[in-house]
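Below, each chain spelled out in residue letters.
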Amino acid sequence: MERFADKVVLITGAASGIGRATAERLASEGAALALSDVNAEGLEATSETCRAAGARVFAQVSNVADEAQVADLVAAAVSEHGRLDVAVNVAGILHFEDLRRTELADWDRIIAVNLTGTFLVCRAVMDHLLPTGGNIVNTSSTSALAGHPWTVSYSASKGGVYALTQCLAVEFGKQGVRCNSVAPGSILTPIQNEFRLPEGADVKLINRITALDEHRGPETVASAIAFLASDDAAHVNGTCLKVDGGTLA
Ligand SMILES: NC(=O)c1ccc[n+]([C@@H]2O[C@H](COP(=O)([O-])OP(=O)(O)OC[C@H]3O[C@@H](n4cnc5c(N)ncnc54)[C@H](O)[C@@H]3O)[C@@H](O)[C@H]2O)c1
């Protein structure tokens, strides 16, 4: 399948997990890539795999929470590849804590990366997506769609990503730019190392029943992102695609 032949795709958070799996999936479908992350070593590793798969890859270390770095990243990506067709916002961080012990600094850090970072990238890419009739895929979370304890800042940031996505879908849809999000459930990536319950927490509140449990690798989210970013999803705009195996409760 070469759904991304002649397409240029920007991916943040490409050094690890879902971002890496998305880069590899899109490389296998013919995309030219602009990859970014704060983790230089992981970014290089992803770039190498994608180049080995035949993709043209531009990579730049960049912090999505930094306005100037995001502007520089997008300008450099467009200068390198000559155009931009898709932006995939994957960069994100997780924090577990009881509300009462959530420091303002933790709240600010999570919102800055997950929500402000998504906003900054969306804003910076829009003028490049309008001429190509491109699209954006953002990464929300099932924590934005149902109660998820001890993640007040994370859940709020992902709820913001969900709403921001719907906003852009309506604001730019008629001008030819789609915007969708994915909402992964529990996916086995390094971000899960942050998972720790606060003292005295009732584990039943977090152990949701999932209908399917055997496909929890990041490649299952990557394939959903690839669908939304492709022309197969030409009439899909403003949707949030859950990739959670079917959460029952
Ligand atoms: N794994 C899950 O269970 C799960 C569930 C729901 C949503 N998500 C979301 O999926 C996305 C990817 O997470 P993952 O599971 O692949 O985790 P991950 O930790 O493997 O990947 C996250 C990547 O984001 C990068 N990153 C962090 N801060 C950054 C910043 N300021 N600027 C640029 N890059 C930055 C990290 O270096 C890392 O490479 C995140 O937005 C996460 O919230 C993950």
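Given the structure is predicted, the values throughout are model-derived calculations rather than measurements.

Student: Just checking my understanding: could you explain the environment of Glu-80 for this structure?
Tutor: Structurally, the position occupied by Glu-80 is in helix H3 (residues 67-81). For Glu-80, a relative accessible area of 46% translates into the label partly exposed. C-alpha of Glu-80 to C-alpha of Arg-109: the two residues are 29 residues apart in sequence and 31 Å apart in space. Filtering out sequence-adjacent residues up to four positions away, Glu-80 remains in contact with Arg-56 and Phe-58.

Student: Explanation requested: the site of the ligand in the structure shown.
Tutor: Of all residues adjacent to the ligand, which total 29 residues, the nearest are Ser-16, Ile-18, Asp-37, Tyr-154 and Thr-189. One nitrogen or oxygen atom from the main chain of Gly-92 is found 3.5 Å from an oxygen atom belonging to the ligand. Calculation on the ligand without its partners gives an accessible area of 820 Å², and the protein chains cover 91% of this total. Elements with a contribution of two residues or more to the shell around the ligand: helix H1 (17-28) and helix H5 (152-172). Taken together, the residues of the shell around the ligand sort by class into 13 nonpolar, 14 polar and two charged.

Student: Please explain the environment of Asn-63 as it appears in this structure.
Tutor: You can see Asn-63 is positioned in the loop between strand E3 (57-61) and H3. Here Asn-63 falls in the partly exposed class, since its relative accessible area comes to 28%. Within the local environment of Asn-63, its side chain forms a polar contact with the backbone nitrogen of Ala-65, the two atoms lying 2.9 Å apart.

Student: Even after reading the chapter, I still don't get the sheet that holds strand E6 (residues 178-184), so can you show me in this structure?
Tutor: The strands making up a sheet are joined through hydrogen bonds of the backbone, oriented either antiparallel or parallel. With respect to topology, seven strands assemble into an open sheet ordered E3-E2-E1-E4-E5-E6-E7, the strand pairing being parallel. Each having just a single partner strand, E3 and strand E7 (240-243) make up the two edges of the open sheet. If you compare each strand with its neighbour and ignore which way they point, the axes differ by 15° on average. Looking at chain direction, strand E2 (residues 32-37) and E3 are connected through five bridges and run parallel. Looking at E3, one finds that Asp-37 is bridged to Val-61. Across the sheet, H3 lies against strand E1 (8-12), E2 and E3, angled at about 160° from E3, the strand it touches most. Against the sheet, helix H6 (residues 218-229) touches strand E4 (86-89), strand E5 (135-139), E6 and E7, its axis set at about 165° to E6.

Student: What is the right way to read the pairing of E5 from this model?
Tutor: In the case of a regular strand, side chains alternate between the two sheet surfaces. Counting buried positions over the five residues of E5 gives five, a clear majority of the element. Pairing geometry for E4 and E5, over four bridges, is parallel. Within E5, the position partnered with Asn-89 by the bridge is Asn-138. The pairing of E5 with E6 spans five bridges and is parallel. Bridged to Val-137 within E6 is Asn-180. Read from E5 through H5 to E6, the crossover connection turns out right-handed.

Rules and cut-offs
- Residues numbered from 1 in each chain as written.
- Predicted model: local features only at pLDDT ≥ 70, side-chain atom pairs only at ≥ 80, totals over all residues.
- Heavy atoms only, no water.
- Helix = DSSP H or I, 4+ residues; strand = E, 2+ residues; numbered from the N terminus.
- Buried < 20%, exposed > 50% of the residue type's maximum accessible area, 1.4 Å probe, protein only.
- Contact = heavy atoms within 4.5 Å.
- Near = heavy atom within 4 Å.
- Polar contact = N/O pair within 3.5 Å; in protein donor to acceptor, adjacent residues only side chain to side chain.
- Areas by Shrake-Rupley, 256 points an atom, 1.4 Å probe, with all protein chains shown as cover.
- Nonpolar A, V, L, I, M, F, W, Y, C, P; charged D, E, K, R; others polar.
- Pairing = 2+ DSSP bridges.
- Axes fitted to C-alpha atoms, helices over the stretch in contact; angles between N-to-C directions.
- Right-handed = clockwise from strand over helix to strand, strands pointing away.

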